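# Coordinate analysis (summary)
For reference, the chains in residue letters:
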Amino acid sequence: MNKKVLIIEDNDDIRESTAEVLDLAGYETFTAKHGRLGIEMALKHLPDVILCDIMMPELDGYGVLYLLNKNQNTANIPFIFITAKTERADMRKGMEMGADDYLTKPFDDIEVFKAIESRFKKKQQSSSFNSGTGNSETVMEELRKKGKSRPVANKQIIYVEGDEPTHLYYLIKGQVKTYRRFKDGRELSSSLYRDGDFFGYESLCNGEIYTDNAATLIESDIIQIPKADFMEFLLNHQTVSKAFISLLSGNVRDKGKQMLQLAYSSVRKRVAEALLEVASKFGDGTSDSCTIRISRDDLAALVGTASETVSRMLADFKNEKLIDKTGNAINIRSIERLRNIKQ
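Described below are features of the structure shown in this document. (Residues numbered from 1 in each chain as written. Predicted model: local features only at pLDDT ≥ 70, side-chain atom pairs only at ≥ 80, totals over all residues. Heavy atoms only, no water.)

### A few points about helix 1 (residues 12-24)
Given a rise of 1.5 Å per residue, 13 residues ought to cover 18 Å, and the 18 Å separating the end C-alpha atoms of helix 1 matches this to within 8%. Residues of helix 1 that are buried include every one of Arg 15, Thr 18, Ala 19 and Leu 22, and no others. Projection of helix 1 onto a plane perpendicular to its axis shows the buried side chains occupying an angular sector of 100 degrees, all on one side. For helix 1, the exposed residues set more than 90 degrees away from the buried face come down to Asp 13, Glu 20 and Leu 24. The N-terminus of helix 1 is capped by Asn 11, whose side-chain oxygen sits 3.0 Å from the backbone nitrogen of Asp 13. One or two steps after helix 1, the chain reaches Gly 26, where phi turns positive at roughly 100 degrees. (Helix = DSSP H or I, 4+ residues; strand = E, 2+ residues; numbered from the N terminus. Expected span 1.5 Å × (residues − 1). Buried < 20%, exposed > 50% of the residue type's maximum accessible area, 1.4 Å probe, protein only. Arc of directions from axis to C-beta. Polar contact = N/O pair within 3.5 Å; in protein donor to acceptor, adjacent residues only side chain to side chain.)

### Overview of the pattern of salt bridges
In the structure shown here, the tally under the stated rule is 15 salt bridges. Linking Lys 155 and Asp 298 is a salt bridge whose minimum nitrogen-to-oxygen distance equals 2.4 Å. With a gap of 143 residues between them, Lys 155 in the loop between strand 6 (148-152) and strand 7 (157-159) and Asp 298 in helix 11 (residues 296-303) connect regions that are remote in the sequence. According to the relative accessible area criterion, Lys 155 is partly exposed, its value standing at 43%. Among the residues examined, Asp 298 registers a relative accessible area of 7% and is labelled buried. Salt-bridge contacts for Lys 269 lead to Glu 273; the nearest nitrogen and oxygen are separated by 3.4 Å. Residue Lys 269 and its partner Glu 273 are both found in helix 10 (residues 267-282); the two are separated by four residues, about one turn of the helix. Linked through salt bridges whose partners overlap, the residues forming this network are Lys 155, Lys 177, Arg 181, Glu 187 and Asp 298. (Salt bridge = Lys/Arg side-chain N within 4 Å of Asp/Glu carboxyl O.)

### What to know about the layout of surface pockets
Approximately 630 Å³ is the volume attributed to the largest pocket. Lining the largest pocket are 27 residues, and of these Ser 190, Ser 191, Asp 254, Glu 277 and Lys 281 lie nearest its centre. Of all the secondary-structure elements, those providing two or more residues to the lining of the largest pocket are strand 10 (187-193), helix 9 (238-264), helix 10 and helix 11. The dominant element in the lining of the largest pocket, judged by the number of residues it contributes, is helix 9, at nine residues. Residue composition of the lining of the largest pocket, by class: ten nonpolar, nine polar and eight charged. (1 Å grid on protein atoms, 1.4 Å probe; cavity = no way out; pocket = protein on both sides within 12 Å on 5 of 7 lines; lining within 4 Å. Points joined across faces, edges and corners; volume = space filled by probe spheres on them. Nonpolar A, V, L, I, M, F, W, Y, C, P; charged D, E, K, R; others polar.)

Structure follows, in structure tokens:
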């Protein structure tokens, strides 16, 4: 179906010549010689774009724009002013009222085509952005399909602090941690990721280098999605933007909680919280007991203390019959009792 253009212009020569050019280019055109007739035509035909002169008898272009914006059927139609007036005040007034673009007389055919096509392109992008709300899983699956899957062995680095981000990562299967490494060799883990999680998006969204490191905790399958594809989906699909805004907000909340724990919680409480975090991420979540597998060093990085201190706390928990321990397998006997540990 041809795109419809409404031309509201009191100058007969400009109105008819513009319509003729657009007709030859394949548009369906409608014309009105003053503002009141233009509003009637807009309501009747609901054009895809409106070209409107400012200085007209009966109702000027500002009045036309104001009345069309008041009607829900015409409020979102792209609106381009055409005028011989070039004063900045007039241009600013039109834009403040909601005009999408400005053409100054005299204008040539190319200027008209560019202005109209620009409006159509932006409207299409906006439509694509809003369409994402209806089928979120389909959109997210399309995003995942933009990447390539690769296996990553246990304890392998995925990206390093200070690197320029080039990919968004999706964990198909496995376990991944992000962490900071300090000059004295200590590590502090910031997040844990499991099957179905995205990671590496904070630096992409902020447009900055990585501020942490990422590595696998076990053998994992990971999809690498190119940065350009991720940014395209982020800008053009509301589902994707909402999902990652939610993830970013959650990360800020979790890091704030972690800082409070480091500042005010005892080591005993922090070890209990770390075990609960690992259980919530990697446990089955179906009962009050579960088995988790994590090395002493990785657990110490979550707690923010030395591995020897973690070993002593685990020994105390074992004596209190809160856990059993075999190698790096920790059997949590009661998640509820761990949660109720005080300072």
